[in-house]
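# Structure assessment
Listed below, chain by chain, are the residues.
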Number of protein chains: 2
Amino acid sequence: MPDGADKKPSRIQQRNRRRILDAALDVFSMHGYRGATLDQIAEAAGLSKPNILYYFDGKEEIHVTLLNQLMETWLEPLVTLDPDGDPLQEILSYVQRKLDMARDLPRESRLFAGEILQGAPRMAPHLQSGLQPLFEEKCAVIQSWMDQGSLTTVDPRHLIFSIWATTQHYADFAAQVQVLLRDDPNGHEGAAQYLEAMFTRLLRP
Amino acid sequence: MPDGADKKPSRIQQRNRRRILDAALDVFSMHGYRGATLDQIAEAAGLSKPNILYYFDGKEEIHVTLLNQLMETWLEPLVTLDPDGDPLQEILSYVQRKLDMARDLPRESRLFAGEILQGAPRMAPHLQSGLQPLFEEKCAVIQSWMDQGSLTTVDPRHLIFSIWATTQHYADFAAQVQVLLRDDPNGHEGAAQYLEAMFTRLLRP
DNA sequence: TCGTGTCTTTACCAAATGGTAAAAATTATC
DNA sequence: GATAATTTTTACCATTTGGTAAAGACACGA
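Remember, it's a predicted structure, so these values are computed and weren't measured experimentally.

### A short note on the interface of chain B and chain A
- With 56 residues of chain B in contact, the opposing surface of chain A contributes 56 residues.
- Among the residues of chain B in contact with chain A, Leu117(B), Leu180(B) and Tyr194(B) are the three that bury the most area, contributing 15% of the side total.
- Applying the counting rule to chain B against chain A returns four salt bridges.
- Close ionic contact of Arg182(B) with Glu136(A) constitutes a salt bridge, the shortest N to O distance being 3.8 Å.
- The interface formed by chain B and chain A holds 14 residue pairs in polar contact (both at pLDDT 80 or more) in total.

What follows is the structure, encoded as structure tokens:
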């Protein structure tokens, strides 16, 4: 019985849990929590519905597990923002990493966006305990860079919001972007250049 | 029978349709299309479920009606971007209007975001026929401003994306913004100042 | 105030959905 | 290869949900 986090999971258990979570990421990110059904997840995972409930206690536990895993991945680029690096380069690298994530992990981006869009019912605790302290820490770093004259002074909080917004936009609003940029084979590179120019002109002293 | 768009709707009909659409906007924007139930909408509207189905053919028709109405409101700020105005002022006014909309119409913003997030299943036609031509038209206007040297040259398409992303972020990710800006009574004004600075530094020649 | 058309309620229904019990099959252990 | 443990399937179930039929209440002009 694959219950609490006791003991080591078997080979089969690891494989099937991974399959389920991958399928669930597909389905949840596409249809939202309530829009997703266990049957869809089961089919996408190639398992029967009761079999899925053998590995997870229920729909909600799958979703929460996904959200927990996501949180680490999601914060990692901000974690690696180096207080001792070159200020402008650090910010631009952060933008690049976030943009790459929007391209490489669009399902994760949409899962996160959907959760926040609906008021973060299952993630408010994580935002408080995980994101908030990190956010304030890095805001202070950026503020110190501005104080020492290495960057133009703007509100670091809104600066970070604008980085999140502009990068995640390409994943979360992909359906719209695709319609408007339809015959452009150069989408990602164009976005990268634009954002580099934007944040450079904003921040270079 | 309030069927096709024939004849003039009675007083009661107007009032109840408005109530239903307002309630539906609440519910759909909070829970997404599938997450919303007719019972929730009915309760929020103060009507019985069958009574709601007397005014609308079904859940989908309510959603589509909402989306259609939204489209006009949503595009209006872009429509009023004046080719004969002062370029930088026009862009900055557009940013302001979009930011005001995020503050004043957050339900509409989230309804739109949720629809796009899920691949725009019920709005792809509108994007093609309504948004796309307008987008290209205004991109051309901005491009001409850049060509004549009134604005710094950047890709107008990504410029517009970044305006949409940064302004709508405050409505769509309000749950997150609220956690991170929790004791700031000055949220909207701070965002307005930041965005004005950002787009000014980006675009001023 | 009577009758006709508009609106609302009551009582349902079929399908979908999250979930369970227990038997059957499979895998690992000795 | 027998046995114990794990994994999967079959057959269900209760609730929720979008939707309907038809009777009843109401409004309003003649």
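Next comes the rest of the write-up.
### As for the packing of helix α8 (residues 156-172) of chain A against helix α10 (residues 187-203) of chain A
Residues and elements named next belong to chain A.
- At a minimum axis distance of 11 Å, the contact between α8 and α10 shows a crossing angle of 170°. Put simply, α8 runs roughly antiparallel to α10. Across from Leu159, Ser162, Ile163, Thr166, Thr167 and Tyr170 in α8, the residues of α10 making contact are Ala191, Leu195, Met198, Phe199, Leu202 and Leu203.
- In the contact of α8 with α10, the residues fall into nine nonpolar, three polar and no charged.

### With respect to the relation of the copies chain B and chain A
- Between the two copies, chain B and chain A, the superposition gives an RMSD of 0.0 Å; the rotation angle is 180° and the shift along the axis is 0.0 Å. Both chain copies can therefore be described as sitting about a two-fold axis. In terms of C-alpha distance to the rotation axis, chain B has Ala165(B) as its closest residue, with the C-alpha 2.6 Å off the axis.
- By residue overlap, the copies meet face to face through one surface: 100% of the interface positions of chain B are interface positions in chain A.

### A look at empty space enclosed by the protein
- Counted under the stated rule, the structure contains six cavities of 30 Å³ or more.
- Counted as a void, the largest cavity has a volume near 260 Å³.
- Together, 26 residues line the largest cavity, and Gly32(A), Gln118(A), Gly32(B), Gly114(B) and Gln118(B) are the ones closest to its centre.
- Contributing elements (two or more residues each) for the lining of the largest cavity: α1 (11-35) and α6 (106-117) of chain A together with α1 (11-35) and α6 (106-117) of chain B.
- By residue number, the principal contributor to the lining of the largest cavity is α1(B), which donates six residues.
- Of the residues belonging to the lining of the largest cavity, the class tally is ten nonpolar, eleven polar and five charged.

Parameters at a glance
- Residues numbered from 1 in each chain as written.
- Chains lettered and ligands numbered in written order.
- Predicted model: local features only at pLDDT ≥ 70, side-chain atom pairs only at ≥ 80, totals over all residues.
- Heavy atoms only, no water.
- Contact = heavy atoms within 4.5 Å.
- Buried area = accessible area lost by both parts, 1.4 Å probe.
- Salt bridge = Lys/Arg side-chain N within 4 Å of Asp/Glu carboxyl O.
- Polar contact = N/O pair within 3.5 Å; in protein donor to acceptor, adjacent residues only side chain to side chain.
- Axes fitted to C-alpha atoms, helices over the stretch in contact; angles between N-to-C directions.
- Helix = DSSP H or I, 4+ residues; strand = E, 2+ residues; numbered from the N terminus.
- Parallel < 35°, antiparallel > 145°, perpendicular 65-115°, else oblique.
- Nonpolar A, V, L, I, M, F, W, Y, C, P; charged D, E, K, R; others polar.
- Least-squares fit on C-alpha atoms with pLDDT ≥ 70 in both.
- 1 Å grid on protein atoms, 1.4 Å probe; cavity = no way out; pocket = protein on both sides within 12 Å on 5 of 7 lines; lining within 4 Å.
- Points joined across faces, edges and corners; volume = space filled by probe spheres on them.

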